[in-house]
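# Inside the fold
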Amino acid sequence: TGFLGRLCDEIGDPNVPAVGVSLGYGPSPALVSANVSTLSMEPYSSGGFPRFWNVTMDQAWTAGWRTMCELTDPNASVPFRSARKGGAYALAFSEDVAANLPPGAAGYPQTDLGTQLGLAARLLASNEGVRIVHVPFFGDFDTHDDHLARHARLMTQLDAALDRFLDDLVARGIADRVIVATTSEFGRRVPDNASNGLDHGAASF
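Report on the accompanying structure. (Residues numbered from 1 in each chain as written. Predicted model: local features only at pLDDT ≥ 70, side-chain atom pairs only at ≥ 80, totals over all residues. Heavy atoms only, no water.)

## Topic: the packing of aromatic side chains
Applying the stated criterion to the full structure yields 4 aromatic pairs. For the ring pair Tyr-25 and Phe-138, a centre distance of 5.6 Å and an interplane angle of 40° mean the geometry is tilted. In this pair, Tyr-25 is assigned in the loop between strand S1 (20-22) and strand S2 (38-40) and Phe-138 in the loop between strand S3 (132-134) and helix H5 (147-172), connecting sequence segments 113 residues apart. Aromatic side chains Phe-52 and Trp-61 sit 5.3 Å apart centroid to centroid with 80° between the ring planes, which places their arrangement in the edge-to-face category. What makes Phe-52 partly exposed here is its relative accessible area of 34%. Residue class for Trp-61 comes out partly exposed when judged on its relative accessible area of 31%. (Phe/Tyr/Trp six-rings, centres within 6.5 Å; stacked < 30°, edge-to-face > 60°. Helix = DSSP H or I, 4+ residues; strand = E, 2+ residues; numbered from the N terminus. Buried < 20%, exposed > 50% of the residue type's maximum accessible area, 1.4 Å probe, protein only.)

Right, dumping it as structure tokens:
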């Protein structure tokens, strides 16, 4: 399990479609949990299940998914049961959470991080059981050269998006119930290299 997944297990409701959501492009190891559902949602998507424009086809498609996701055979293999359960959670998230998200707020920066944090605020305000939102920052922090200027630009992006996010939480009346934490997967060395950059370090300082 991941460090955020373990937190989801401690504070989340196992009966909701998703306790933790990662707003990236695929699952996050940090959100792997043992007892509750966590999932990934692309930041520029609606979070909805794939739909067909034809109503009859759409109904048949959804009915087929529902049937496929039913846990009817207690003797089925673990991977098969897991796949069914995962599909059921994805369908429930699409219909119960994503389809009923509160409206987005204006004023977020036109960046990936701005889009992600705008969606994070909507998920946290949904009151549908989402307790942890993981927002990977897609900036290039591998600053082996020109560290000072590149890092300053990244911090400006982070500052602008977080500032709007915190204002959004206040406007939604949930700021006193949200903790924001930033983490890094690795640090950088203090001495610069020959390219005005910083090489990999063993810790995040």
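## Topic: the sheet that holds S3
Reading across from one edge, S2-S1-S3 is the order of the 3 strands in this open sheet, with parallel pairing throughout. Strand pairing shows two members of the sheet lacking a second neighbour, S2 and S3, which therefore form its edges. With direction set aside, neighbouring strand axes in the sheet form an average angle of 15°. The strands that helix H1 (residues 3-11) touches are S1, S2 and S3; relative to S3, the one it contacts most, it runs at about 165°. (Pairing = 2+ DSSP bridges. Axes fitted to C-alpha atoms, helices over the stretch in contact; angles between N-to-C directions. Contact = heavy atoms within 4.5 Å.)

## Side note on the nonpolar core
Grouped together as the largest cluster of nonpolar side chains are 25 residues, with contacts concentrated most on Val-21, Leu-23, Phe-93, Leu-117, Leu-123 and Phe-165. Those elements giving two or more residues to this core turn out to be helix H3 (78-97), helix H4 (112-124) and H5. Looking at which element gives the most residues to this core, the answer is H4, with 7 residues. Among all residues touching Val-21, those that are not within four sequence positions of it are Leu-31, Leu-39, Met-41, Phe-93, Leu-123, Val-130, Ile-132, Val-133 and His-134. Core analysis: the second largest hydrophobic core is formed by 8 residues, Leu-4, Cys-8, Val-16 and Val-19 among them. (Core = buried A, V, L, I, M, F, W, Y, C linked by side-chain atoms within 4.5 Å.)

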